Amino acid sequence: MAFIFNEPSRTFSEYLLVPGYSDENCTPDNVSLRAPLVRFRKGETPALHMNIPMTSAIMQSVSDDKMAVALAKEGGVSFIYCSQPIESQAAMVARVHADERITVHTHAEIGQVDGFVGNFRSVILHRGNGSGPSEVTVDHGALIVATGAEERKTSQYLYGQDPRVVTQRELEEALAGGDLPTEATRTVAMIQCVESRTPEHPYCSRVCCSQALKNAIALKRRDPASNVIVFYRDIRSYGLRERFYREARELGVLFVRYDLENPPLVERRDGRLVVEAFDPALQEQLTIEADTLVLSVGIGPRSDAEHLAAMLKVPLNAEQFFLEAHMKLRPVEFATEGIFLAGMAHGPKFIEESIAQAAAAVSRACTVLSRDEIVSSGSVAHVDQLM
């Protein structure tokens, strides 16, 4: 089996842990705001190929937790800061590296894929050795695409022009690292649906509302006297995440609705960061001086998705995410046999949804790998004499 992973833009909300939801032991009190994902150097694509299901490869133990952490950090791993010790998460990474049946290729990208179900051949290009890429050829029976997605680039609301304007991801990292001074969070404004649900990008990125709620709760718990105002179009904290909306309201987070035709206005006035918006509940124009403005920027497909799709001969949808063979009957498969799909390469989703989809993709791939032979009947033309 071959897995193709691309560098997932350092973080993304697919990998963000919603407190108390993805892990029954996690609560807003013991979860820090850090993205739990494996990440590699910018522009490099790790590829992993394996002969057995992942679950059976991680049952061994690693005796030295400090060694495990060092190995994971050297590979660029970022951890889930939760009730589960970092060492145990790093140990899983170390177990994968230590298992002789698994080969992990870092600082690498897929250069070529040929073949058909049960008999694929991929060329992996290793970079960073100073003398050009070196090639490794891998024969495998199935392939899973899990290339992830990217945070969209934006220049709206003074982002990139004023250091006080950040994204939700950047706010999370600052909170997790303790790099955000209290004076920068006395008044925090958040604007939802940036680069999402617009004529250019009509779909909802799904994770942004829950991510904003999580960060708003963390800010209020960190400093109950702080002011947190969320400018939103719709709060879509679906499922059990609805309780985080209620908790945010109970903690004093304010919510102001806006519509696409009348978005908030952000300006610099005499060195102050000013946010103006019309409040439909009060029927008044609000003016807020924010210490920090946080943008919930939407999820977009990877920039190289079209290139990879052409290489694998699989389709993309209108938004340039990978398109499954059938939404209900074959949700983790492509029309091309032997190639499967998981994660945000398919579209925006939370980590538990990605995990469920990955488990389904591996199960379907195992139906290919478990066979000694695959019978393939060619198309044969014939003439119907009665026609």
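Residues numbered from 1 in each chain as written. Predicted model: local features only at pLDDT ≥ 70, side-chain atom pairs only at ≥ 80, totals over all residues. Heavy atoms only, no water.

Quick notes on the confidence of the model for the chain
In step 1: In the predicted model, the chain carries a mean pLDDT of 80, and 76% of its residues have values of at least 70.
In step 2: This stretch, residues 6-65, has a pLDDT under 50; its non-local contacts, to residues over four places away or in other chains, come to 195 contacts.
In step 3: For the stretch residues 78-84, pLDDT sits under 50, and the model shows 30 contacts to residues farther than four places along the chain or on other chains. (pLDDT = per-residue confidence, 0-100. Contact = heavy atoms within 4.5 Å.)

Overview of the environment of Leu-254
In step 1: Relative to the assigned elements, Leu-254 resides in strand S12 (residues 254-257).
In step 2: Through-space distance from the C-alpha of Leu-254 to that of Phe-231 is 8.6 Å; in sequence the pair is 23 residues apart.
In step 3: Other than its neighbours up to four places away in sequence, Leu-254 contacts Val-228, Ile-229 and Val-230. (Helix = DSSP H or I, 4+ residues; strand = E, 2+ residues; numbered from the N terminus.)

Some thoughts on the sheet that holds strand S16 (residues 292-297)
In step 1: A sheet is described by the order of its strands in space; here 5 strands give the open sequence S9-S16-S10-S11-S12, paired in parallel fashion. The sheet terminates laterally at strand S9 (165-167) and S12, the two strands that pair on one side only. Ignoring strand direction, the axes of neighbouring strands in this sheet form an average angle of 25°.
In step 2: For strand S11 (residues 227-232) and S12, the ladder comprises 4 bridges, and the chain directions are parallel. By the bridge assignment, Tyr-232 is partnered in S12 with Arg-257. (Pairing = 2+ DSSP bridges. Axes fitted to C-alpha atoms, helices over the stretch in contact; angles between N-to-C directions.)

Describing the pairing of S16
In step 1: With 6 of 6 residues buried, S16 lies mostly within the body of the structure.
In step 2: Taking every second residue as pointing to the same face, both faces of S16 are buried, with Thr-292, Val-294 and Ser-296 on one and Leu-293, Leu-295 and Val-297 on the other.
In step 3: With 5 bridges connecting them, strand S10 (residues 187-194) and S16 associate as parallel partners. Across the sheet, residue Met-190 finds its bridge partner in S16, namely Val-294. (Buried < 20%, exposed > 50% of the residue type's maximum accessible area, 1.4 Å probe, protein only.)

Some details on the pattern of salt bridges
In step 1: Taken as a whole and assessed by the stated rule, the structure comprises 21 salt bridges.
In step 2: For Arg-127, the salt bridge is made with Glu-109, and the minimal N-O distance between the two is 2.4 Å. Of this pair, Arg-127 sits in the loop between strand S5 (119-126) and strand S6 (134-140) while Glu-109 sits in strand S4 (residues 108-116), placing them 18 residues apart in sequence.
In step 3: The exposure class assigned to Arg-127 is partly exposed, which follows from its relative accessible area of 36%.
In step 4: Arg-221 is the salt-bridge partner of Glu-247, the closest N and O atoms lying 2.6 Å from each other. With a gap of 26 residues between them, Glu-247 in helix H6 (residues 242-251) and Arg-221 in helix H5 (residues 208-222) connect regions that are remote in the sequence. (Salt bridge = Lys/Arg side-chain N within 4 Å of Asp/Glu carboxyl O.)

Here we look at the pairing of S10
In step 1: With 8 of 8 residues buried, S10 is to be regarded as a mostly interior element.
In step 2: Sheet topology note: the S10/S11 ladder contains 5 bridges and is parallel. In the sheet register, Ile-191 faces S11, and the bridge partner there is Phe-231.
In step 3: After leaving S10, the chain enters H5 and then returns to the sheet as S11, a path that is right-handed. (Right-handed = clockwise from strand over helix to strand, strands pointing away.)

Quick word on the packing of helix H4 (residues 168-177) against H5
For any two helices packed against each other, the geometry comes down to the angle between their axes and how far apart the axes lie.
In step 1: Running from N to C, H4 and H5 point in directions that differ by 35°, and their axes come no closer than 10 Å. Classified by chirality, the crossing of H5 by H4 is left-handed. Contact residues: H4 offers Gln-168, Arg-169, Leu-171, Glu-172 and Leu-175, while H5 offers Gln-211, Ala-212, Lys-214, Asn-215, Leu-219 and Arg-222.
In step 2: Looking at the contact of H4 with H5 residue by residue, the class counts come to 4 nonpolar, 3 polar and 4 charged. (Left-handed = near helix turned anticlockwise from the far one by under 90°. Nonpolar A, V, L, I, M, F, W, Y, C, P; charged D, E, K, R; others polar.)

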